[in-house]
Each structure stands twice: as structure tokens, then as C-alpha cells.
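Residue-level structure breakdown
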Amino acid sequence: MTTTVLTLVGSIRNDSTNLKLAHALAELAPEDIDVKVVSGKELAELAFYDEDIENAGAAPQNVADLREAAGAADALLIVTPEYNGTLPAVVKNAVDWLSRPFGSGALKGLPAAVVGTSMGQYGGVWAHDHGRLSLQIAGAEVVDQPRLELGHVHKRFADQEPVDDVEVRESGVGVLKALAEAAQNARVAVAG
Ligand SMILES: Cc1cc2nc3c(=O)[nH]c(=O)nc-3n(C[C@H](O)[C@H](O)[C@H](O)COP(=O)(O)O)c2cc1C
């Protein structure tokens, strides 16, 4: 059975390394894992989360589309740099939209993980920790092992593409497999 992993990218930059990392994971994914990438630019088109819009039942079409994609997915992956010690706003905003309606948002029960690459030596661990916390509070089933936190992004990917990086090929694929396993366990639990 194919596992669909909806993948949200936290950088809007044209030349984003995290976007390249997301595409690398899509390319490296085992045959039975389908990685669908939503770029930071697409996420930047979403309005800021607004509870008035939510309560009026008037979510914009691109929010409805993202919710539908998350609802149809078996797992969620965030691939993001760290901005000022936390998640970039663009991806946090997407998490907020996906966390609602309260109690029945698309994230509820969805296996989810956070990975990425950043300039600092620790590769954005604070952003990833905060992402996992947000996802957990939103009701997702956080998968926190293995991890992929690649530091010194500008040096590391100056001469090689993410798809050729050994840690991406091993731990990155490991994250996808862990998400697929969690999705399978969730299916079994639902089937009872
Ligand atoms: C507003 C801003 C804040 C940043 N804060 C951090 C930080 O807290 N930690 C860090 O490791 N890198 C930080 N960086 C550097 C990013 O890690 C770096 O720009 C990274 O390459 C962005 O990923 P991308 O290649 O996918 O765009 C920051 C960059 C920006 C623009």
C-alpha cells in the first residue's frame, strides 16, 4: 500500500536548500512512499490564520485545498530552516490552518515529522523542536526518530546537492520509512 507524505517547506527562497532537500527526499523515497511537496512560495500565498474567517466557515480556496491534501495524506513532513531560533512564520501559519477546526483538523492523528537544514551548526534543532511541539499540540502523532538536522548549510551544500548527501540518503529515507510505519500502525489501529 502506498503511503502519501505531504511535505511542507519552510523557506520561500527561489534557491532554497530546504526545497531541494524536500525534492531529494521525493526522489529517494522507496517506491511505496509518495512524497508530495508544497513549496514555501505556495504556503506564502495562504492568508494569515484568522479565527473570524474560520468561524464564518469561509476558509479561502487555497486553505481548503491544503486541508484536503493533508486529509488525503497518510503523513506530514515539514522540511524547514530555523529563523531566529524557531519555525519560519510561513510554515507555522500552515500548521495553524491545518490544526483547525478545533478537534477535527487535518492534523489530528496524522503521523508527522520535522527535518531540515540551516546555517547554524545544529541544523535548526530549535525550529524542529518547536515544530514537533506545535504538531503535537495540534493533535498529530509526532515521529521524532530518526532525525535529519543538517548544519552549516552553505558549506555543506556548496559543492553537492542534497540528493547526493549521505545523511540525506540514509537518515532522510529513514524518516520517510518511520512515517510510513507510523501510518501503517494508525491504519491497523483504525481497522481495530
Ligand atoms: C530571518 C532569518 C533568521 C535566521 N535565523 C537563523 C537561526 O536562528 N538559526 C540558524 O541556524 N540559521 C538562521 N538563519 C539562516 C538560515 O538557516 C539560512 O538562511 C538557511 O539557508 C535558509 O534555508 P533555505 O536555504 O532553505 O532558504 C536565519 C535566516 C534568516 C533569513
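Here is a short report on the structure shown in this document. Nothing here was measured: the structure is a model prediction, and the numbers come from that model.

**Details of the overall build of the protein chain**
Broken down by element type, the protein chain carries eight helices and six strands. Taken over C-alpha atoms, the radius of gyration comes to 16 Å for the protein chain, in line with the 16 Å a tight globule of 192 residues would show. If one aligns the C-alpha atoms of the protein chain with their principal axes, the spans along those axes are about 50 × 40 × 25 Å. Looking at the 192 residues of the protein chain, the share that counts as buried comes to 42%.

**Here's the deal with the nonpolar core**
Ala75, Leu76, Leu107 and Leu179 are the most contacted members of the largest nonpolar core, which has 51 residues in total. In terms of residue count, the dominant contributor to this core is helix 8 (residues 166-191) (seven residues).

**A short note on the site of the ligand**
Near the ligand you find 15 residues, and of these Ser11, Asn18, Pro81, Ser118 and Gly120 are the closest. Here the residues of the shell around the ligand are counted per class, giving four nonpolar, nine polar and two charged.

**Looking at helix 8**
The end-to-end C-alpha separation of helix 8 is 37 Å, in line with the 38 Å expected for 26 residues at 1.5 Å each. Elements that come into contact with the buried residues of helix 8 comprise strand 1 (3-9), helix 1 (17-28), strand 2 (33-38), strand 3 (75-79), strand 4 (111-117) and strand 5 (141-142). Within two residues after helix 8, Gly192 carries a phi angle of roughly 70 degrees, on the positive side.

**Some remarks on the environment of Ala72**
Here Ala72 lies in helix 4 (residues 61-72). Taking the number of C-beta atoms within 10 Å as the measure of exposure, Ala72 has 11 and is therefore exposed. Considered as a pair, Ala72 and Thr2 are 70 residues apart in the sequence and their alpha carbons are 12 Å apart.

**Side note on helix 1**
For helix 1, with 12 residues, the first-to-last C-alpha span of 16 Å sits near the 16 Å given by 1.5 Å per residue. Residues Thr17, Asn18, Leu19, Leu21, Ala22, Ala24 and Leu25 constitute the buried set of helix 1.

**Remarks on the packing of helix 1 against helix 8**
Axis separation between helix 1 and helix 8 bottoms out at 10 Å; the angle between their running directions is 75 degrees. Judged by the inter-axis angle, helix 1 sits roughly perpendicular to helix 8. Residues Leu21, Ala24, Leu25 and Leu28 of helix 1 form the contact with helix 8, whose participating residues are Val168, Arg169, Gly172, Val173 and Leu176. Residue composition of the contact of helix 1 with helix 8, grouped by class: seven nonpolar, one polar and one charged.

**Regarding the pairing of strand 2**
Note: strand 1 against strand 2, six bridges, orientation parallel. Paired with Leu8 across the two strands is Val38, which belongs to strand 2. In this fold, strand 1 hands off to helix 1, which returns the chain to strand 2; that crossover is right-handed.

**Focus: the environment of Val37**
Counting through the fold element by element, Val37 comes out in strand 2. For the pair Val37 and Gly71, spaced 34 residues apart in the sequence, the C-alpha separation amounts to 15 Å. The contact partners of Val37, leaving out residues within four places of it in the chain, are Thr7, Val9, Ala22, His23 and Ala26.

**What about the packing of helix 4 against helix 5 (residues 89-98)?**
Between helix 4 and helix 5, whose axes approach to 10 Å, the crossing angle comes to 75 degrees. With respect to their mutual orientation, helix 4 and helix 5 come out roughly perpendicular. Across from Val63, Leu66, Arg67 and Ala70 in helix 4, the residues of helix 5 making contact are Ala94, Trp97 and Leu98. Looking at the contact of helix 4 with helix 5, its residues break down into six nonpolar, no polar and one charged.

Cut-offs used in this document
Residues numbered from 1 in each chain as written. Predicted model: local features only at pLDDT ≥ 70, side-chain atom pairs only at ≥ 80, totals over all residues. Helix = DSSP H or I, 4+ residues; strand = E, 2+ residues; numbered from the N terminus. Rg over C-alpha atoms; globule rule 2.2 N^0.38 Å. Buried ≥ 20, exposed ≤ 12 C-beta atoms within 10 Å, placed from the backbone. Core = buried A, V, L, I, M, F, W, Y, C linked by C-beta atoms within 7 Å. Near = placed C-beta within 6 Å. Nonpolar A, V, L, I, M, F, W, Y, C, P; charged D, E, K, R; others polar. Expected span 1.5 Å × (residues − 1). Contact = placed C-beta atoms within 7 Å. Axes fitted to C-alpha atoms, helices over the stretch in contact; angles between N-to-C directions. Parallel < 35°, antiparallel > 145°, perpendicular 65-115°, else oblique. Pairing = 2+ DSSP bridges. Right-handed = clockwise from strand over helix to strand, strands pointing away.

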